[in-house]
Amino acid sequence: MAQAEDRADRWLREGAARHARGEIAAAEALYREVLRVRPEDANAANLLGVAARQRGDLAAALDWGARAVALRPGAGVFLANYGATLAEAGRLGEAVEMLRKAAAARPDDAVTLRNLGQALCAMGDPRAALAPLERAAVLRPDAAEPMLALAHARREAGDLTGAAQAAEAALARTGGDPALAAQARFLLAALGREAPPARAPASYVRDLFDQYAPRFEAELTGRLRYRTPEALAALLRMAGVPAERGLRVLDLGCGTGLSGLALAPFAARLEGLDLSPRMLAEARRREGLYAALHEADLLEWLPRHPAAFDLIAAADVLNYLGDLAPALAAIGTALAPSGVAAFSIEAGGTPGTPYALGEGMRYRHDPAHVAALARAAGFAELAREAVTLREERGAPVAGMLFVLRRPGATETGHG
């Protein structure tokens, strides 16, 4: 028995060492050996949960995390890991409860406090998020992440001055990290403290939608009354684009596949493109919808696929770009002759100003300017329609839908 215990201890140490080196599969095998000898080993269960989460297997991560907490209910590190996994899975109420327990057990753990604050923000309670995030920022005066999370919480709580101060402090803490610096500057631009960049930082968009993925559809179609994909598909039909499953279609910024469902009647082959791996993981659950899914930035990916598609659609994607000229040029490159582009924009801003970055961290565009950009890119306008894209804080978000055609034959289909 003593020898078995010694082996289990050795396997646990070796597994942790391999885990630290990034050898996830080897570490998991060793943790499982520990549990074979010691089924009640909470450390091994916890580490298996951490490894599964790193691999993107949230179901396994939740199972192992729950097991570790059941075996050692008062262990702060187990509570923290399980709480973070619950938050990543979109189970925000349970996550907040678990992270509060973890914070009580480990009051000086800045990561747990930051996770708690971000979960509270995601639940729509930014004021409750302020205290843990402020504490996390104090505990890690060298780190940008807690201060940046605090800046976002203050913005959502309506304290725009405090948000700008925290974003400035986060910028000073980035230590040369270009992604974090870009995110801090983007928030400052949304708050009117800097000139808006030509686009949202890719790292910001990826992180935003990675966190949003598990609850994306429920919030959009429920609380926010989002119907843009259906409206865009209806406008395509009205513009004469045949819904006969004959086209090569690209769902640009496909997310979880909501827009893919609306585009499927047009597609002989449907592909999706998105920056967020978590969104793409959700889209893969829709078996038989997408023939291929691609994780990439649209401005980089589209020019590498000339004349590859007959229809490119982007529902609520271009509002993360300010200057739309590069996107329209890239879409035109990826379209076959006579191919069709369909997209939504958030409409508004100052008349005569091409675009503006709002406090909601999305760009609003002047529809007349977008139409002019489309003409300059060689597109003919087939249809345009003013719509309500969704609701935000109980108010409608005004938008415009466009359907454009690239020059070429009157209609091209691929079966």
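Note that this is a predicted model, so its numbers are computed, not measured. (Residues numbered from 1 in each chain as written. Predicted model: local features only at pLDDT ≥ 70, side-chain atom pairs only at ≥ 80, totals over all residues. Heavy atoms only, no water.)

> I would appreciate a short explanation of the nonpolar core in the present structure.
As a rule of thumb, nonpolar side chains are buried together in soluble globular proteins. Judged by nonpolar contacts, the single largest core of 42 residues is most densely connected at Phe 186, Leu 187, Tyr 204 and Val 205. With 8 residues, helix 11 (residues 178-190) is the single largest residue contributor to this core. Grouped together as the second largest cluster of nonpolar side chains are 32 residues, Leu 258, Phe 266, Ala 283 and Leu 289 included. (Core = buried A, V, L, I, M, F, W, Y, C linked by side-chain atoms within 4.5 Å. Buried < 20%, exposed > 50% of the residue type's maximum accessible area, 1.4 Å probe, protein only. Helix = DSSP H or I, 4+ residues; strand = E, 2+ residues; numbered from the N terminus.)

> Got a minute to help me understand helix 3 (residues 42-55) in this structure?
Owing to its 3.6 residues per turn, the α-helix brings residues three or four apart onto one side. For helix 3, spanning 14 residues, the distance from its first C-alpha to its last is 20 Å, which sits close to the expected 20 Å at 1.5 Å a residue. Within helix 3, burial applies to Ala 42, Ala 44, Ala 45, Asn 46, Leu 48, Gly 49, Ala 51 and Ala 52. With a side-chain oxygen lying 3.0 Å from the backbone nitrogen of Asn 43, the N-terminal cap of helix 3 falls on Asp 41. Of the residues one or two after helix 3, Gly 56 is the one with positive phi, at around 90°. (Expected span 1.5 Å × (residues − 1). Polar contact = N/O pair within 3.5 Å; in protein donor to acceptor, adjacent residues only side chain to side chain.)

> Would you take a moment to explain the environment of Leu 160 for this structure?
Mapping Leu 160 onto the fold places it in helix 10 (residues 160-172). Expressed as a C-alpha distance, the spacing of Leu 160 and Ala 327, which sit 167 residues apart in the sequence, is 31 Å. Not counting the four nearest positions on each side in its chain, Leu 160 is found in contact with Arg 155, Leu 191 and Glu 359. (Contact = heavy atoms within 4.5 Å.)

> How should I be thinking about the packing of aromatic side chains in this particular structure?
Two measures describe an aromatic ring pair: the distance that separates the ring centres and the angle between the ring planes. In total, this model carries 6 aromatic pairs according to the counting rule given. Each ring, one from Tyr 355 and one from Tyr 363, has its centre 5.6 Å from the other, and the planes form 80°; the classification is edge-to-face. By way of ring pairs, the aromatic residues Phe 186, Tyr 204, Tyr 355 and Tyr 363 are connected into one cluster. (Phe/Tyr/Trp six-rings, centres within 6.5 Å; stacked < 30°, edge-to-face > 60°.)

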